[in-house]
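Coordinate inspection notes
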Amino acid sequence: MDLVELSMEEYQRLMDAILWVLGPYLDENGISEHPHLLELGECYNELYRKMPKMQEHNYPELIFF
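Report follows, based on the coordinates.

**What about helix H1 (residues 8–26)?**
Here H1 is 19 residues long and its end C-alpha atoms lie 25 Å apart, about the 27 Å a rise of 1.5 Å per residue gives. Taken as a whole, H1 carries its principal kink of about 35° at Trp20; the proline Pro24 stands between one and four residues after it. Three or more residues of H1 are buried, namely Tyr11, Met15, Ile18, Leu19 and Leu22. Of the surrounding secondary structure, the elements contacted by the buried residues of H1 are helix H2 (35–50).

Spelled out as structure tokens, the structure:
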């Protein structure tokens, strides 16, 4: 697998953008009706797990039912 490096600023912008897109669907659990958004949420969680621990408190881990 190829490695892509991101600066912390780029990483934060990416996480913020994903949350902005998913935000309207998280409150009502409506994300399960949109497979492409569910996939985006799973990608977000993968990035969350790789996030430096000092930044972890700035972003929630997404939990899907």
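**Some points on the environment of Leu19**
Counting through the fold element by element, Leu19 comes out in helix H1. Sequence separation of Leu19 and Glu39 is 20 residues, and the distance between their C-alpha atoms is 13 Å. Apart from residues no more than four positions distant in its own chain, Leu19 is found in contact with Tyr44, Tyr59, Pro60 and Leu62.

**Some words on the nonpolar core**
Grouped together as the largest cluster of nonpolar side chains are twelve residues: Tyr11, Met15, Ile18, Leu19, Leu22, Ile31, Leu37, Tyr44, Tyr48, Met51, Tyr59 and Leu62. Of all elements in the fold, only H1 and H2 reach the threshold of two or more residues within this core.

**Here's the deal with the pattern of salt bridges**
When charged atoms on two side chains of opposite charge get close, those side chains can pair. Going through the model one piece at a time under the given rule, you end up with one salt bridge. A salt bridge links Glu61 to Arg49, with the shortest nitrogen-to-oxygen separation between them at 3.8 Å. With Glu61 in the segment after H2 and Arg49 in helix H2, the pair connects residues that are twelve residues apart, well separated along the chain.

Scoring rules and cut-offs
- Residues numbered from 1 in each chain as written.
- Predicted model: local features only at pLDDT ≥ 70, side-chain atom pairs only at ≥ 80, totals over all residues.
- Heavy atoms only, no water.
- Helix = DSSP H or I, 4+ residues; strand = E, 2+ residues; numbered from the N terminus.
- Expected span 1.5 Å × (residues − 1).
- Bend = angle between axes of the 7 residues up to and from the residue.
- Buried < 20%, exposed > 50% of the residue type's maximum accessible area, 1.4 Å probe, protein only.
- Contact = heavy atoms within 4.5 Å.
- Core = buried A, V, L, I, M, F, W, Y, C linked by side-chain atoms within 4.5 Å.
- Salt bridge = Lys/Arg side-chain N within 4 Å of Asp/Glu carboxyl O.

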